[in-house]
Amino acid sequence: MKMKKQIHIILIFFIFLFACKKEINEDTPLTKETGKIKFKFTHLIDGIPLQKDSIMYVNAAGNSYGVFDVMYFVSDVTLYKSDGSIKLINEWKDINYVDVDIPSTLTWDVYDEIPAGEYDSITFVFGIPTEKNKSFMFVNYPEVNMMWPDVLGGGYHYMMINGKWKDSSGIANNFDFHLGIGQLYHSNATDCIDSIYAFVQNYFTVSLPGSSFTLLKSETKEIEIVMNIESWFKTPHNFDFNYWGANIMQLQPAMQVVKENGYDVFTIGKINKEYK
Amino acid sequence: MKKVGIYSYLCVFLICLCSCKKEKTIDFPTDPTPYTIVIPKFFPTNLNIPSDNPMTVEGIELGRYLFYDGRLCGKKDTLMSCGTCHNPSFSFENGTGFGIGTTGIPSPHVMLPLINLVFNTQGYLWNGKVEKNSPFYSIPGAYGGNLEDLCWMGVYAPHEMNSDTNKAKATIQNIPMYPPMFKKAFGSEEVTFKNISKAIAQFIRTLISSNSKFDKYLRGEVNLTIDEMNGYAYFNTEEADCFHCHGTILFTTNGYYNNAKDTIFNDTRDRYAVTLNPMDRGAYKAPTLRNIALTGPYMHDGRFKTLDEVIDFYSEGLMWSAYADPFMTYLNDGGVQLNPKQKADLKAFLLTLTDSSFISNPAFSKPITLP
């Protein structure tokens with residue numbers, strides 16, 4: 001009798017044990033030899049956080065200027081491990097949009113699982129590589145507003161910095177400091193798109209000095225990428241608005257200058273473990 | 001004794017079966033038919049549809065009736081509906097500029113067309129006041145910062161119906177054909193103003209234009225003329241430089257810009273009034289250029305009667321102020337300085353943005369008979 005009672009209790013126990021549906025978290029990896037990265041984008045002028053909408057800066061060419069909008073793409077972010085392997089950020093998105101007026105774009109929580117270990121350096125493409133820069137690939141706000149007209153090469157602006165500068169008469173002028181696909185014209189008539197005979201891809205790879213870091217298992221690393229805006233206007237070339245004018249989308253020589261100045265615009269800021 | 005044991009196990013088993021957590025299902029009181037917007041090629045895939053007002057066939061049809069029903073204003077001696085001013089022939093604005101409400105008071109700005117609004121996530125009205133995610137959005141008693149608010153505002157605003165929502169809903173409630181339509185769309189024959197707004201908003205979200213000559217050109221169905229192609233090039237280059245504000249497939253970025261047409265800014269309903277950012281003085285939404293041939297007069301105050309006047313303005317008429325948007329890079333030259341042929345070609349291109357199928361679509365038109 002006692003034995004029968006014990007069997008009943010055991011059987012009832014197993015009925016309860018197996019009756020309810022368990023949720024299986026299929027996303028939980030069984031082992032986690034990876035961590036995560038969060039990029040933070042900050043924007044400085046002369047070492048100080050950007051203050052928009054006011055003509056309060058002076059560039060290397062002596063132009064007084066102010067910055068009103070800053071938007072750009074970075075793509076193909078690549079992490080170089082000390083063992084020689086590389087990790088290309090591309091599992092959810094490989095092209096990231098940054099806009100100083102949209103706070104959510106100033107942080108990029110990278111989707112990819114990053115192998116833990118020692119990393120020597122980080123590089124990225126400023127702009128969008130040729131094979132990826134296709135018209136209509138972005139249809140939603142805000143990226144869609146970066147469209148670069150098909151007649152000028154298509155795809156998207158790599159960068160827009162819009163603002164105002166004071167000319168040699170002291171009068172404020174608007175400028176659109178835009179970088180994207182350039183055009184080569186048969187003649188000096190840059191207003192004649194019929195004379196375009198070639199397009200120039202002005203994107204370039206940025207190497208970030210001092211970007212080594214160690215990523216531990218299950219850690220999230222915050223890596224600050226700093227755009228030093230004044231550097232767009234200097235080194236190796238002083239960019240003079242009085243010379244180049246307000247618009248450069250159809251001035252490949254000007255965009256070439258911008259590109260060459262761009263290699264040292266970005267620096268690494270803080271690299272921290274994220275504390276949640 | 002054995003039978004008691006078996007029955008005990010069965011009872012325990014059934015108890016376990018029933019006690020475990022089940023997935024909760026939501027019981028809808030009615031079964032409205034979901035409506036899926038067909039997104040035209042190249043158009044945005046992010047649709048501005050609030051989660052508490054999903055699109056349904058029944059909701060849209062109800063909304064179409066209410067949109068055109070003059071009894072919506074709830075007044076015994078006056079008929080006025082959304083459709084009184086938002087005329088399909090003029091891309092759902094009135095074609096004359098300022099809206100005139102039941103009181104004879106004109107609207108503070110000229111009307112904006114109701115076209116492709118479901119793709120707009122950057123705020124409605126000339127100053128973007130109605131926008132859910134904006135830190136500047138606050139209209140007490142409103143419905144969430146979307147098109148539903150505009151329906152509600154249309155009823156009470158002094159320059160529109162100048163009525164109140166209680167009168168509006170009471171009037172609709174007493175029209176026998178409507179309560180069953182509300183039942184089908186929202187599950188109750190009780191007419192609420194919230195559901196009136198929702199229905200009309202659903203209808204407005206269906207007003208999509210994507211079949212202009214230019215759209216057909218993009219799809220490879222037609223060719224543009226040489227003049228139209230020239231105009232397309234001027235539009236999309238620094239020649240006329242329209243695309244920075246009026247670019248994308250929507251022919252608007254839906255952004256807000258001071259386009260250098262004034263030097264004094266005393267409009268209490270510009271973008272600055274919403275954001276309090278001094279650089280937004282004199283800034284207004286860049287409206288879509290789709291159907292632009294139908295939607296004059298132009299600018300927020302209707303100062304330009306024709307497209308020719310608009311093109312002349314951007315060519316030679318810009319006025320310097322510290323608030324002019326940086327996109328106005330030809331400001332100090334007075335404008336983009338187009339010659340007459342360039343102006344004509346630009347206009348020819350703009351005329352390719354007219355979508356005659358949109359303005360004559362029976363799905364958007366007034367019902368043959370109202371209840």
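Just above sits the structure.
Residues numbered from 1 in each chain as written. Chains lettered and ligands numbered in written order. Predicted model: local features only at pLDDT ≥ 70, side-chain atom pairs only at ≥ 80, totals over all residues. Heavy atoms only, no water.

**Quick word on the overall build of chain A**
And then number 1: When helices and strands are counted, chain A shows three helices and 17 strands.
And then number 2: Buried positions account for 50% of the 276 residues belonging to chain A.
And then number 3: Pairs at least 24 apart in sequence give 70% of the contacts found in chain A among residues at least 6 apart. (Helix = DSSP H or I, 4+ residues; strand = E, 2+ residues; numbered from the N terminus. Buried < 20%, exposed > 50% of the residue type's maximum accessible area, 1.4 Å probe, protein only. Contact = heavy atoms within 4.5 Å.)

**Examining the overall build of chain B**
And then number 1: In terms of helices and strands, chain B carries 14 helices and four strands.
And then number 2: Projected onto its principal axes, the C-alpha coordinates of chain B cover approximately 105 × 50 × 45 Å.
And then number 3: The buried share among the 371 residues of chain B stands at 54%.
And then number 4: Across chain B, the fraction of contacts at a sequence separation of at least 24, relative to all contacts at a separation of at least 6, is 65%.
And then number 5: When the accessible surface of chain B is split by element, carbon and sulfur atoms take 58% of a total near 17,100 Å².
And then number 6: Averaging the coordinates of the 34 positive side-chain charges in chain B and doing the same for the 36 negative ones gives two points 11 Å apart. (Areas by Shrake-Rupley, 256 points an atom, 1.4 Å probe, with all protein chains shown as cover. Lys, Arg positive; Asp, Glu negative; His and termini not counted. Charge placed at Lys NZ, Arg CZ, Asp CG, Glu CD.)

**Section: the pairing of strand β4 (residues 64–81) of chain A**
Each regular strand shows side chains that alternate between the opposite faces of the sheet.
All names here are of chain A.
And then number 1: The element β4 is extensively covered by neighbouring structure, given that 16 of its 18 residues are classed as buried.
And then number 2: Adjacent in sequence and paired antiparallel, strand β3 (residues 57–58) and β4 are bridged by five residues, among which Gly62 carries a positive phi angle near 90°.
And then number 3: Summarising the sheet, β4 and strand β10 (residues 159–166) pair through eight bridges and their orientation is antiparallel. Its bridge partner lying in β10, Val70 is registered against Ile161.
And then number 4: Relative to strand β5 (residues 86–88), β4 is paired through three bridges, and the arrangement is antiparallel. (Pairing = 2+ DSSP bridges.)

**Concerning the nonpolar core**
And then number 1: Ranked by internal contacts, the top residues of the largest apolar core, which has 105 residues, are Phe39, Phe126, Phe177, Trp232 and Phe266 of chain A.
And then number 2: At nine residues, β4 of chain A tops the list of elements feeding residues into this core.
And then number 3: Each residue touching Phe177 of chain A, except ones within four places of it in the same chain, is listed here: Met159, Met160, Ile161, Asn162, Trp232, Phe233, Phe239, Phe241, Ile248 and Val258 of chain A.
And then number 4: Core analysis: the second largest hydrophobic core is formed by 50 residues, Leu114, Val130, Tyr178 and Ile196 of chain B among them. (Core = buried A, V, L, I, M, F, W, Y, C linked by side-chain atoms within 4.5 Å.)

**A closer look at the environment of Lys183 of chain B**
And then number 1: Here Lys183 of chain B lies in helix α6 (residues 178–186).
And then number 2: Placed 108 residues apart in sequence, Lys183 of chain B and Asn291 of chain B show a C-alpha to C-alpha distance of 36 Å.

**Considerations on the pattern of salt bridges**
Two side chains of opposite charge can pair, provided their charged atoms sit close to one another.
And then number 1: According to the stated counting rule, one finds 25 salt bridges over all chains in the structure shown.
And then number 2: For Glu228 of chain B, the salt bridge is made with Lys213 of chain B, and the minimal N-O distance between the two is 3.0 Å. With Glu228 of chain B in helix α9 (residues 226–235) and Lys213 of chain B in helix α8 (residues 213–218), the pair connects residues that are 15 residues apart, well separated along the chain.
And then number 3: According to the relative accessible area criterion, Lys213 of chain B is partly exposed, its value standing at 29%.
And then number 4: What you see here is one network of salt bridges that share partners, running through Lys38, Asp109 and Glu274 of chain A. (Salt bridge = Lys/Arg side-chain N within 4 Å of Asp/Glu carboxyl O.)

**Digging into the packing of helix α2 (residues 57–68) of chain B against helix α7 (residues 193–205) of chain B**
All names here are of chain B.
And then number 1: Contact geometry of α2 with α7 gives a least axis separation of 7 Å together with a crossing angle of 100°. One finds that α2 runs roughly perpendicular with respect to α7. In this structure, α2 uses Gly59, Ile60, Leu62, Gly63, Arg64, Leu66, Phe67 and Tyr68 to contact α7, whose residues at the interface are Ile196, Ala199, Ile200, Gln202, Phe203 and Ile204.
And then number 2: Taken together, the residues of the contact of α2 with α7 break down into ten nonpolar, three polar and one charged. (Axes fitted to C-alpha atoms, helices over the stretch in contact; angles between N-to-C directions. Parallel < 35°, antiparallel > 145°, perpendicular 65-115°, else oblique. Nonpolar A, V, L, I, M, F, W, Y, C, P; charged D, E, K, R; others polar.)

**A closer look at α7 of chain B**
All names here are of chain B.
And then number 1: The end-to-end C-alpha distance of α7 is 18 Å, a good match for the 18 Å that 13 residues give at a rise of 1.5 Å each.
And then number 2: Here α7 lies mainly inside the structure; twelve of its 13 residues are buried.
And then number 3: When we look at burial in α7, the residues that qualify are Phe193, Asn195, Ile196, Ser197, Lys198, Ala199, Ile200, Ala201, Gln202, Phe203, Ile204 and Arg205.
And then number 4: Of the surrounding elements, those touching the buried residues of α7 are α2, α3 (82–85), α4 (147–156), α5 (165–173) and α6. (Expected span 1.5 Å × (residues − 1).)

**Some thoughts on the state of the cysteines**
Residues and elements named next belong to chain B.
And then number 1: For the structure shown, the criterion picks out zero disulfides over all chains.
And then number 2: Summary of cysteine pairing: Cys85 is not part of a disulfide, and the nearest cysteine sulfur, belonging to Cys82, is at 9.2 Å.
And then number 3: For Cys85, a relative accessible area of 13% translates into the label buried.
And then number 4: Cys245 provides the cysteine sulfur closest to Cys242, a residue in no disulfide bond, and the two sulfurs are 9.1 Å apart. (Disulfide = S-S within 2.5 Å.)

**Thoughts on the side chain of Ser321 of chain B**
And then number 1: Along the chain, the position of Ser321 of chain B falls in the loop between α12 (307–316) and α13 (340–351).
And then number 2: Under the relative-accessibility criterion, Ser321 of chain B is labelled buried at 5%.

**Notes on the pairing of strand β11 (residues 172–179) of chain A**
All names here are of chain A.
And then number 1: For β11, the buried fraction is high: eight of the eight residues fall into the buried class.
And then number 2: Taken together, the eight bridges between β10 and β11 define a ladder with antiparallel strand orientation. The residue bridging Lys164 from the neighbouring strand is Asn174, located in β11.
And then number 3: A loop of five residues connects β10 with β11, the two strands running antiparallel in sequence, and Gly170 in this loop sits at a positive phi of about 85°.

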